[in-house]
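These are the residues of each chain, in order.
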Number of protein chains: 2
Amino acid sequence: MKIHPECYPCLLRQAYSTLKLVTQDEALQERVLKEVMGKLAQYQGSDPPPKVSRLVYWTIARATGVEDPYRDKKKECNRVALELYPHLKEMVNRAPDPLFTAVKVAIVGNIIDFGVGRSFELESLEAIEKLELVINHYPIFREEYEEARTILYIGDNAGEVVFDRVLIEEFQGKEVYFAVRSGPIINDVTLEDAHEAGIDQVAYVLESGSWAPGTLLDEASSQFKELFMEADMIISKGQGNFETLDDAPRDLFFLLRAKCDVVAQLLGVEIGDTLLIKKGATPYR
Amino acid sequence: MKIHPECYPCLLRQAYSTLKLVTQDEALQERVLKEVMGKLAQYQGSDPPPKVSRLVYWTIARATGVEDPYRDKKKECNRVALELYPHLKEMVNRAPDPLFTAVKVAIVGNIIDFGVGRSFELESLEAIEKLELVINHYPIFREEYEEARTILYIGDNAGEVVFDRVLIEEFQGKEVYFAVRSGPIINDVTLEDAHEAGIDQVAYVLESGSWAPGTLLDEASSQFKELFMEADMIISKGQGNFETLDDAPRDLFFLLRAKCDVVAQLLGVEIGDTLLIKKGATPYR
């Protein structure tokens, strides 16, 4: 999808939130915000929001010298999620359809996202089982899953990656690839996070080649692109991946929460709705 | 007060809200947002937020050709407020201290403000009498009021101006001047609104000389400046006037709701708190 006018105020709000993490120096905050606005004012194009968003984050990193402002938050998210891990496993194990419950676990993991500015609130674990998917293409998901030999799973955020692991562990006899960002950006999952979450024990972990809070195919590594075109099934987590892959040249499954008006309106849902969408299955609902 | 880093994302959000009122053309919205960001990126200074804010609104007006985007909303606000007027009068008339109740009426009128993006919600009229002022300098207000012969009342928004009229009608035997903005800006009160509200029947109405969502003394007319320095008592309504007059060279009373974090933190209150503050009476609470 292309950037929408509403994205600009949101990007500037994100920039300010990030600057508050990086420095208490208000003169510096103001200077960098102006630099960000200058860059956005100059920006000509109709790229997906994550491509524009990284302009913002890279500007902040260069101007302040802090390359990974969310590093501590990410570690904390991974730690909290790993504490929940045994409880998530137990829930999945006693579910009537463990795969479906694991799918819901993975979607709930997507609420951990600092970029969009909502506060960290882990729904009580009991709520996961009752979670209603507002768009629910699980029957198609299940069918394609049964047939698939290779699965490419495109990760989203730190913390969330532990929830992804719970889903991946339900994949029986599949060859699973787990893609992460190629550089630190907001709280997005990197190699380091994937290792902290133990994903490397259950999947082949690779960088996508894309250094953005999403997956920019035109910048992806050849390894990733090959996997992307040839995997039997692709699972894309989170809104950033949706924003960059909604017009990708193949079918895939999006697992996400709608976190802003622009995406919610595009999908005809409400902010906060949890969704399992087969791309190309139109209409979405 | 000076502009704060947090004001920039807020200004851009306001710009987008205003643009949505003016045009449904998303390409135009984006172009104007970029023009606004370019202007803000170039802005060098430490003026009060309303002086920077008008840069935003003037840019939108010039770029879209719509000089007064809130005109219809303002008319609607005046109309709704005039419907409430008899009920407000009745409430004041049966109050034990009509002046104090009228002060609270005037403050409640300040919730009518589209600029800061909260939705129009008129508290039930009954709630006005129970309204708690979180900073309450009414005893000093009452004392100075008794002594005053001339009162300068600096208006804030359309709609709200009807509530101001209720307070002004409680002023017995005073010479009252009511100042409005010198040009249309957001939903701020202009000559036209003051006349619609009937303020000209109870006070001398004048333009301040300042075309901004606040009162910029260095741009005020000589008539206004003279009144400002010589009136026995000044009542300043709303946050925009507070932001521009909090360091004015004389005492005055601020009646306002804190509508954003920056002002709330400056005053040590919460967003939404209603306040009657004597400038210079330190500490504020």
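Residues numbered from 1 in each chain as written. Chains lettered and ligands numbered in written order. Predicted model: local features only at pLDDT ≥ 70, side-chain atom pairs only at ≥ 80, totals over all residues.

Participant: I keep staring at the packing of helix 4 (residues 71–93) of chain A against helix 8 (residues 160–168) of chain A and nothing clicks. Help me out?
Facilitator: Each pair of packed helices gets described by two things: the angle between the helix axes and the distance between those axes. Residue and element names in this part refer to chain A. Close contact between helix 4 and helix 8 brings their axes to 8 Å; oriented N to C, the two are set at 25 degrees. With respect to helix 8, the axis of helix 4 lies roughly parallel. The two elements helix 4 and helix 8 cross, and the hand of that crossing is right-handed. The segment helix 4 lies against helix 8, with Asn78, Ala81, Leu82, Tyr85, Leu88, Lys89 and Val92 engaging Val162, Phe163 and Val166. Its residues placed into classes, the contact of helix 4 with helix 8 shows 8 nonpolar, 1 polar and 1 charged. (Axes fitted to C-alpha atoms, helices over the stretch in contact; angles between N-to-C directions. Helix = DSSP H or I, 4+ residues; strand = E, 2+ residues; numbered from the N terminus. Parallel < 35°, antiparallel > 145°, perpendicular 65-115°, else oblique. Left-handed = near helix turned anticlockwise from the far one by under 90°. Contact = placed C-beta atoms within 7 Å. Nonpolar A, V, L, I, M, F, W, Y, C, P; charged D, E, K, R; others polar.)

Participant: Could you clarify how one ought to interpret the packing of helix 4 of chain A against helix 5 (residues 98–109) of chain A in this entry?
Facilitator: All names here are of chain A. Where helix 4 contacts helix 5, the axes come no closer than 8 Å and their chain directions differ by 145 degrees. Along the contact surface, helix 4 presents Leu88, Met91, Val92 and Asn93, while helix 5 presents Pro98, Thr101, Ala102 and Val105. A per-class count over the contact of helix 4 with helix 5 returns 6 nonpolar, 2 polar and no charged.

Participant: In this structure, what is going on with helix 5 (residues 98–109) of chain B? I would like to understand it.
Facilitator: The periodicity of an α-helix, 3.6 residues per turn, causes residues three or four places apart in sequence to face the same way. For helix 5 of chain B, with 12 residues, the first-to-last C-alpha span of 16 Å sits near the 16 Å given by 1.5 Å per residue. Considered for burial, the residues of helix 5 of chain B that qualify are Phe100, Thr101, Ala102, Val103, Lys104, Val105, Ala106, Ile107, Val108 and Gly109 of chain B. (Expected span 1.5 Å × (residues − 1). Buried ≥ 20, exposed ≤ 12 C-beta atoms within 10 Å, placed from the backbone.)

Participant: What exactly am I supposed to notice about the sheet that holds strand 2 (residues 150–154) of chain B here?
Facilitator: Pairing between sheet strands relies on hydrogen bonds along the backbone, with the strands arranged either parallel or antiparallel. All names here are of chain B. Strand order across the open sheet formed by 7 strands is 1-7-6-5-2-3-4, with mixed pairing between neighbours. Every other strand in the sheet has two partners, leaving strand 1 (133–136) and strand 4 (204–207) as the edge strands with one partner each. Between one strand axis and the next, the sheet turns through 15 degrees on average, direction left out of account. Relative to strand 7 (residues 274–278), strand 1 is paired through 3 bridges, and the arrangement is parallel. Bridge pairing in strand 7 links isoleucine 135 to leucine 275. With respect to the sheet, helix 5 is in contact with strand 5 (233–237), strand 6 (253–257) and strand 7, its orientation differing from that of strand 6 by roughly 55 degrees. Strands in contact with helix 7 (residues 138–147) are strand 1, strand 5, strand 6 and strand 7; relative to strand 7, the strand with the most contacts, it is inclined by about 55 degrees. (Pairing = 2+ DSSP bridges.)

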